Every structure is written in C-alpha cells, then in structure tokens.
Amino acid sequence: MGRTLFDKIWDAHRVAETTGGAALIAIDRIFLHERTGAAALKSMAAAGRPVQDPARVFAVMDHIVDTRLGRGDQTLMPGGQAFITETREAALAAGITLFDVTDRDQGIVHVISPEQGIVLPGVTLVAPDSHTCTQGAFGALAWGIGSSEAEHAMATGVLRLARPGTMRVTFTGALPSGVTAKDMALALIARHGAGGGAGHVVEFAGEAVRCLDMEGRMTLCNMATEFAAMTGIIVPDAATFAYLAGRPYAPASFDAPYWSSLVSDPDARFDREIEIDASGLAPMVSWGTSPEQAIAIDARIPQGPPRVHEYIGLNAGQPIAGTPIDAAFIGSCTNSRLSDLRRAAALLKGKHIAPSIKKALVVPGSMAVKRAAEAEGLDQVFTAAGFEWRNSGCSLCFYAGGEGFEPGSRTISSTNRNFEGRQGPGIRTHIASPEVVAASALAGVIADPRKVLAS
Amino acid sequence: MKPVSTIASPGVPLLIDNIDTDTIIPSREMRSTGRTGLAGGLFAPWRYTDADKRITDPSFVLNQRDAIGTRLLLGGKNFGCGSSREHAVWALAEFGIESIIAPSFAPIFKSNCIRNGLLPVELPEEVVRELQWAMVTIDLAAQTVAAKGKTWHFVIDEEAKAMLLEGLDAIDLTLKHRQAIAAWTETDRAARPWVYLEKRA
C-alpha cells in the first residue's frame, strides 16, 4: 500500500523502535527562543549534557524583544531583559547559531527559518513554540514541543514519539477573491472544532492549497496547532523549491530526486479525510474566545457558552460586521510576511484609519521583511494611514506585561489566538486576515474587505 | 522525576472546553527564566479579581474550601491548548496537581505533563462530569479511575506509562540507544548530506 508524505518522513527518520509503537525519531533542526531558551540550555548545562550537534540548533530573539525603533536588550516586559541576556549567554556558550536582537536577519522564528533556508523539504524540525507547524508548508515535519523535549532533542539528536494518525484536509475548488489562507484555516477550525485534529498530522491538499503561494501555505499550516493537530504539512512542489533556492542555509544544489519523492502516493490511505469547498468560503472573523468560534464576516453570531458572550461583550443573533473596534494589529507568525503587508497596504493606500481607533500597529515578521516592505514604500502607506511601523518580533500577538492595548478594548488582529486575556487583561480579540484588519481599521468597525476592494 | 503510582484526591471540576495555557499561566506571570516560582500565577486570570495585587476571586473553583489541597483537576475537551509553554505544567505541579482528567488534551501539553510526572487521564465527558467533587482514586499501573463504587479503565501509551511509573528520565533512557543513533546518523549523512550544516564562523 502507498505511503503518505508523513509516513515517508517518519520512516526515513526512525532510528529505533521503543515500547508500544513508539519510536526514536531523528531531529534535523532545532530552534530555541528567548522565552524558554535560557531555561532549556541552563538546565542541560547543569546536568552536564552538551548540545550534541550545535550546527543544527538555532536561537532567536522574538517573543519579548522590544519592537520599538532603536531597541536594545531592554524590553517593556518587567524583568524581560534577563530572558534575552541569559539566552544569549547560554546560546554562545553552547556554540549554537544565534539571531540576536540587533542582527540584520532577526525576526520571528517561523518567518526567518524559511527566509534563511533552514527549513527544507523532508526534514524534521522542532521548537518549543506551538506554531512550529507553520514550517510544514515546506514539506517538512515541523512541530512544537515543550522545553524538556527541546533539551531531549539537543542532548540526544532524537525524540521519543508515539506515531500519530494521519488526516487529509482537501480544499477543493478555487478561493474567491478577497478570501485567503487565513480564512481557510478559520473555516476548517470553525467547522470541525479546536480539538478536531487531535492525535493527527494533517496534510493540506487540493486545488486551493496548490494555488497558494508559499506565504499563504505558511499561514494555513500555522493554524494547525489551533486545530489540535500535531502539525500541518503540504507536499513540496516547484513553488517550494523556487522559494528556497539561493537562501543562505539552503544547499547549493538541491536533492531533486529525493525532494520530488516527497508526495503522498496515489493509493496512500489516511486515517481521516475532510473535504472543504474553497469556492464557497468568505472572509472569516472570530467572535468568541476560541479559534473555533469564528464565522463568515457577513454572518450572525451564534449562541455560545454564556461566559464567552460575557467576556466578548456580544450577543447571539447580532451581525459581527459593524461591531466597533478600538485597536488593530497586523503581525505575528501567522500574517506578518511581505505578501500580508502588501495586501493590507493595498487597502489602506491613500486612506486613513477611523478616528475611533486608539492604537494601530504593524510589526513585520522579520527585519528582512521590514527592509523589503520599506523598499516598496509600504511603511509610508501604513504610517500615512495612521499605523505605527515597528521592528520585528512577536509583539502584541500576546501580552507579556509591558505593552498592550487599553484594558477592555476590542482588537482586530491578524494573529492566531483570541483566548481570554491573550492580548492583555480583558482584551477582546477578533482574529482575521490582514485584509479584514485593514478594512476594519479604516471603518472603525469590523468590516468586509471585499466591499473596500469593490469600491 | 518522582514516580507516579496511585493518586487519591477529590476531583475539582473546571469543566470548560479549550482551556488554554495562556489562562493556566499567562505570559506576564513567567517572571523568571527558571522552572519555579510559577504556582502563584497559576490560573491568574480566573483565580484573582486583581492579578497584580493577588486579590483572590472567591467564586473560582480552586479558591473554594473543598478544593484546598487538591491533587486532581477535572477539565474539559482539548485541555491545555495554545502555547507550548511548559510553564503551564510546572505551575500546576508546583501548585500540587498530580493528575488531570479530561475528555482530551492538546498534544504538546499532554507530552509536557508526561515529562514532568503529571498524569494526564482521558475519559469520556460524561465520566469526567460524574467525578465532580467525588473522592477519586487513580491507579496508573492498573490504568483505572475509581469513584463512587465504580471503576473506569483509561488508555495511555505504554511508553508514557512506563516513564511515569518508574519516574524515568527520558534523556537517560534515550542515551541507552547512543550507538543506534550514531549508526543512523552515519548512514543518513551519506544519503542526505545536504541536511548536515557545518558550524559557521
């Protein structure tokens, strides 16, 4: 019987069998960040365990770094500087590659790893960050782990894993205009639940997926963890190879026969199959406090748990469009890449955000994205429209205590999580595509970007 | 790691689906670079009316008298979703929680539990509901949960079970396979030389 793409990567990395169907799986790439990197490296040092192969380990500064221009090690998070300096010291001592605060290639881990050509088709890649699944867009088996697992991978070169199930999510048809990879992900989670992918590696397939550019594929895979999947993965193709060609850490000559073999065989069987008609999708926006509480932007809010309605301050039956917002955020490992910024800027060009918006922020996913955007004048479009233009980092995707939106305010955000308090105490977060964020910032209320595009 | 065998405790219900690790321990409560000092921030958004001043909210279940000293939390579906922060498990363990029973767990959280000697037990929603405030005994070796004169069986990976029962350090366990790992690497280096990066200056 044929094998899935996941099966092929799993089998190729299986070093030994352990008990009960578990295996030791070789890990090709490991990333750390400053929020948990110091803890993992210090704990290894204390146990007298060296990093087995420092050349395959990378550390980044992204989670709590300051994103204001002219930044250094100081961060707005109380006590945050220690995370940065201790991670730097530990990374240098361990001999691992560090993308430091002021490095010209600094950025969010899942943005810079592809940008640098560190993730490659067919590799296994882990990081103590749940959105590592983003990198499955390259046909890699990439998933988030905890700090202890990161230590394990660094000390041994392998992880102990029970074999997950396989699921294929096929998006048939073509996406309508104004509808994006973010909307595909939110529609999937809204239909099948935030726990819908539990226990599975999800392969995204179908015409609408094949037609996405690499940045759209990353956005789609980014949300696999919000679906409780171990990870998302997409079969690599010519677009993948073209994206990686010439990147600093990518091989000079590609292993074309091997990379081309990284497909799910036609007769491969998946444990579960889901199909979604992409041509019927609309821009999505979350109304509650879980990514599964998301609806089409022209729909009405359904009845959810009372505590969710209370927190979010919206009732069942009311339309989500037209809901007044106080703040807007474009950034995060989901939607902070050049194409995201271009699409948002196209809506904002020559316009200004509504006077009721108290804070509007754009945070490019990497310093390279920032430079590329500036070369096209996108920074000018954003600042003329009333957005702040920042240095790269995770920023207000979450609240680390030093910088946030005004308590209790309602935010439209290109991020991946709308949990209670995720962006700060009492903050009401609505997650959506950069287009929806831009259109809503202009209108001062949650707004359909298709109407702005049409006008 | 301390071995886990049996746990006896009242089941304190927090029967909400999709409880995320931001709620279990918010980013702003991760104040030092180590693994300790986190229990005070556990469930900070729900446990306190004012988290900065640590003013407790008497309506939150863990603040109720019957919950004091509990070792067992009952949760909803997809427990521990969201951020991979292991601090969520460290905070729960430091607070005294030894097991969580829920209909399902988010995968990274579940793995973090096992690495830290906190037993995740999956049982159907109706069973979890029945365990509310009951005196519950969990026997890992037998893979059973007993309460109110009834017994339920639960499923756990063999490997996870062995590690929890024996309090094994996963790294030590894996390092026993050192030779197999080295042999695999040598073969793989020949097959996929492009994977192997050299340390740059």
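The name recorded for chain B in an unreviewed UniProt entry is 3-isopropylmalate dehydratase, from Novosphingobium ginsenosidimutans. Per its UniProt entry, chain B bears the Function (unreviewed entry) comment "Catalyzes the isomerization between 2-isopropylmalate and 3-isopropylmalate, via the formation of 2-isopropylmaleate." UniProt, in its Pathway (unreviewed entry) section for chain B, records the words "Amino-acid biosynthesis; L-leucine biosynthesis; L-leucine from 3-methyl-2-oxobutanoate: step 2/4."

As recorded by an unreviewed UniProt entry, chain A carries the name 3-isopropylmalate dehydratase and is attributed to Novosphingobium ginsenosidimutans. Here is the UniProt Catalytic activity (unreviewed entry) comment for chain A, exactly as written: "(2R,3S)-3-isopropylmalate = (2S)-2-isopropylmalate". According to the UniProt record, the Cofactor (unreviewed entry) comment for chain A reads "[4Fe-4S] cluster".

What follows covers the interface of chain B and chain A. The partner chain A presents 74 residues to the 51 residues of chain B that form the contact. Carbon and sulfur atoms make up 54% of the area that chain B and chain A hide from each other, which totals about 5,000 Å². If you look at where chain B meets chain A, you find seven salt bridges. Note that B:Arg192 is salt-bridged to A:Asp28, the shortest N-O span being 2.9 Å. Summed over the shared surface of chain B and chain A, the number is 29 residue pairs in polar contact (both at pLDDT 80 or more). Elements with a minimum of two residues in the side of chain B that touches chain A: α1 (21-24), α3 (87-95), α4 (107-115), α6 (158-166), α7 (170-175) and α8 (178-191) of chain B. In terms of residues, the side of chain B that touches chain A owes the most to one element, α7(B), which gives six residues. Of the residues contributing to the side of chain B that touches chain A, the split by class is 19 nonpolar, 15 polar and 17 charged.

With that settled, the discussion passes to the pattern of salt bridges. Residue and element names in this part refer to chain A. In this structure the tally under the stated criterion is 44 salt bridges over all chains. The salt bridge partner of Asp 53 is Arg 56, with a shortest N-O separation of 3.1 Å. Given the relative accessible area of 10%, Arg 56 is considered buried. Residue Arg 307 pairs with Glu 420 through a salt bridge whose shortest N-O separation is 3.0 Å. Linking Arg 307 in helix α11 (residues 306-312) with Glu 420 in the loop between β18 (410-413) and β19 (428-431), this pair joins segments that are 113 residues apart in sequence. The class of Arg 307 is partly exposed, set by a relative accessible area of 35%.

Analysis parameters
Within any chain, residue numbers begin from 1 and follow the written order of that chain's sequence. Here every chain gets a letter starting at A, and every ligand a number starting at 1, in the order they are written. Only residues with pLDDT of 70 or above have their local features reported here, since the model is predicted, and side-chain atom pairs are shown and tallied only from 80 upward, although totals for entire chains, interfaces and linings are computed over all residues. Side-chain descriptors were evaluated using all non-hydrogen atoms of the structure, hydrogens and water having been removed beforehand. UniProt positions are given in the numbering used here, feature names are shortened, and annotations may be inferred rather than shown by experiment. Throughout, a residue-residue contact means that at least one pair of heavy atoms, one from each residue, lies within 4.5 Å. Accessible area that two parts lose when put together, with a 1.4 Å probe and added across both, is what the buried area reports. Throughout this description, the term salt bridge denotes a Lys or Arg side-chain nitrogen within 4 Å of a carboxyl oxygen of Asp or Glu. Whenever a nitrogen or oxygen atom comes within 3.5 Å of another N or O atom, the pair is scored as a polar contact, on the condition that within protein one atom can donate a hydrogen and the other can accept it, and that pairs from neighbouring residues in sequence are kept only if both atoms are in side chains. Helical segments are the DSSP runs of H or I of at least four residues, strand segments are the runs of E of at least two, and each set is numbered from the N terminus. Following the grouping adopted for this structure description, the nonpolar residues are Ala, Val, Leu, Ile, Met, Phe, Trp, Tyr, Cys and Pro, the charged ones are Asp, Glu, Lys and Arg, and the polar ones are all others, Gly among them. Under the scheme applied here, a residue whose accessible area is under 20% of the maximum for its type counts as buried, over 50% as exposed, and between as partly exposed, the area being computed with a 1.4 Å probe on protein chains only.

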